[in-house]
Amino acid sequence: MEKQIKRTILEQGRDWFESDRKVILARVIQTWGSSPCPVGSNMIVNDKGEFFGSVSGGCVEANVIEECLDLLKNNNSFKQLEFKVSDDNAWNVGLACGGEIKIYIEKINS
Amino acid sequence: MKLEILNEIIQKKSSSQNFALLTNLTNGNSEIFEFGKLLSIDFENYKKQIENYHSLKKNGVIDGTQIFIQNFTKPIEVIIVGAVHIAQYLVDLFKNLNFVITIVDPRKFFITDERFPNVKIINDWPEEIFKKLETDSNNALITLTHNPKIDDPALKHALKNKFFYIGALGSKKTHTKRCQRLKDSGFTEEEIASIHGPIGIELGGKSGPEIALSIVSQLVLESNKLILNSKK
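A few points on the structure.

Reading the values: the criteria
Residues numbered from 1 in each chain as written. Chains lettered and ligands numbered in written order. Predicted model: local features only at pLDDT ≥ 70, side-chain atom pairs only at ≥ 80, totals over all residues. Helix = DSSP H or I, 4+ residues; strand = E, 2+ residues; numbered from the N terminus. Buried ≥ 20, exposed ≤ 12 C-beta atoms within 10 Å, placed from the backbone. Contact = placed C-beta atoms within 7 Å. Core = buried A, V, L, I, M, F, W, Y, C linked by C-beta atoms within 7 Å. Pairing = 2+ DSSP bridges. Axes fitted to C-alpha atoms, helices over the stretch in contact; angles between N-to-C directions.

Let's shift gears to the environment of G60 of chain B. With respect to the secondary-structure elements, G60 of chain B resides in strand 3 (residues 60-61). Since 18 C-beta atoms lie within 10 Å of it, G60 of chain B is described here as partly exposed. When residues no more than four places from it in sequence are discounted, the contact partners of G60 of chain B are Q30 and V39 of chain A together with I69 of chain B.

Printed below as a string of structure tokens:
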């Protein structure tokens, strides 16, 4: 009796891919100290800069999306990103909570 | 990552299986891991560590390697006995958590599609339902009717089949009587003590949504104990 199917982050990625969008999967692979999203958290990004899911609770998403769009422009299929504690300038990219995270971004390909 | 792996994850998640996604961070290759499955050259040297992380449901870069493991855990199947108003709040709260819900109640006027539009419901006595339903230690039971005729058979089934969580709604007085009935039926003190009764962690609230929240909190806490203990 399946009445409702919850849309997941990965399903969103598949749907984008099938409607001819270029798609990148971003995953938190390591954390040190306090970090807002646990290892295994993921976010899906497409070539229009649309995204679904989360890797840091809002702190570094903008930068991750930018990196994803950059990756789409070159021949590499994956990249690791590292984010450390931010300085006093709240608008800088970084984690205000004082933690460090490593994020792995990769293209979805057929 | 290949689209076929993404599709395999989506399919396995929807059919509630235990598995993990492995990624070799040096070359970007990924594959699905399950117990008993042969690993490719990217991962075969780390089989023992991979199995260890998977058993502990531990996500991360495996120590001393460049292998990332992400576990997908079969959702806990929660059986709620009593299609009462607290059950409606429970359905709402469970929505974004990794649980699959079934609501059972022999009373037809309680258990309707209108009251429970997005969840599996069974209109029958727990005794009859458990004859057909396959259950094990991945199940949880929440009884809400505080009617012994409905709740007790479900509690007995859950104790015998080693459900990982059993909770029963009702005051301390109701629960003391319940424990006595179970004792009279031959259950040991230890078995009876494993029932969370009165159900829920103490939040101090008395309203339906607050009671539902205290039940969901307790179930989440119990389901995370394996992970919490492995970190100590």
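Before going further, it helps to examine the nonpolar core. Judged by nonpolar contacts, the single largest core of 41 residues is most densely connected at I80 and I103 of chain B. Put simply, the parts of the chain that give this core at least two residues each are strand 5 (76-81), helix 3 (85-94), strand 6 (99-104), helix 4 (126-132), strand 8 (139-143), helix 5 (148-160), strand 9 (165-168) and helix 8 (208-223) of chain B. Beyond its immediate stretch of four places on either side in the chain, I80 of chain B contacts A87, L90, I101, I103, I142 and L144 of chain B. The next biggest cluster of nonpolar side chains, apart from the first, holds 39 residues, and it includes V23, F51 and F83 of chain A together with L6 of chain B.

What follows concerns the sheet that holds strand 4 (residues 78-83) of chain A. Residues and elements named next belong to chain A. In spatial order, the strands read 3-2-1-5-4; together these five strands make up an open sheet with antiparallel pairing. Two strands in the sheet have a free side with no partner beyond their single neighbour: strand 3 (51-53) and strand 4. For this sheet the average axis-to-axis angle between neighbouring strands, irrespective of direction, equals 20°. Pairing of strand 1 (residues 23-32) with strand 5 (residues 100-107) involves eight bridges; the strand directions are antiparallel. In the sheet register, A26 faces strand 5, and the bridge partner there is I105. In this fold helix 1 (residues 9-18) packs onto strand 1, strand 2 (42-46) and strand 3, with an angle of close to 15° to the strand it touches most, strand 2. Sitting on the sheet, helix 2 (residues 61-73) touches strand 1, strand 2, strand 3, strand 4 and strand 5, and the angle it makes with strand 5 is about 30°.

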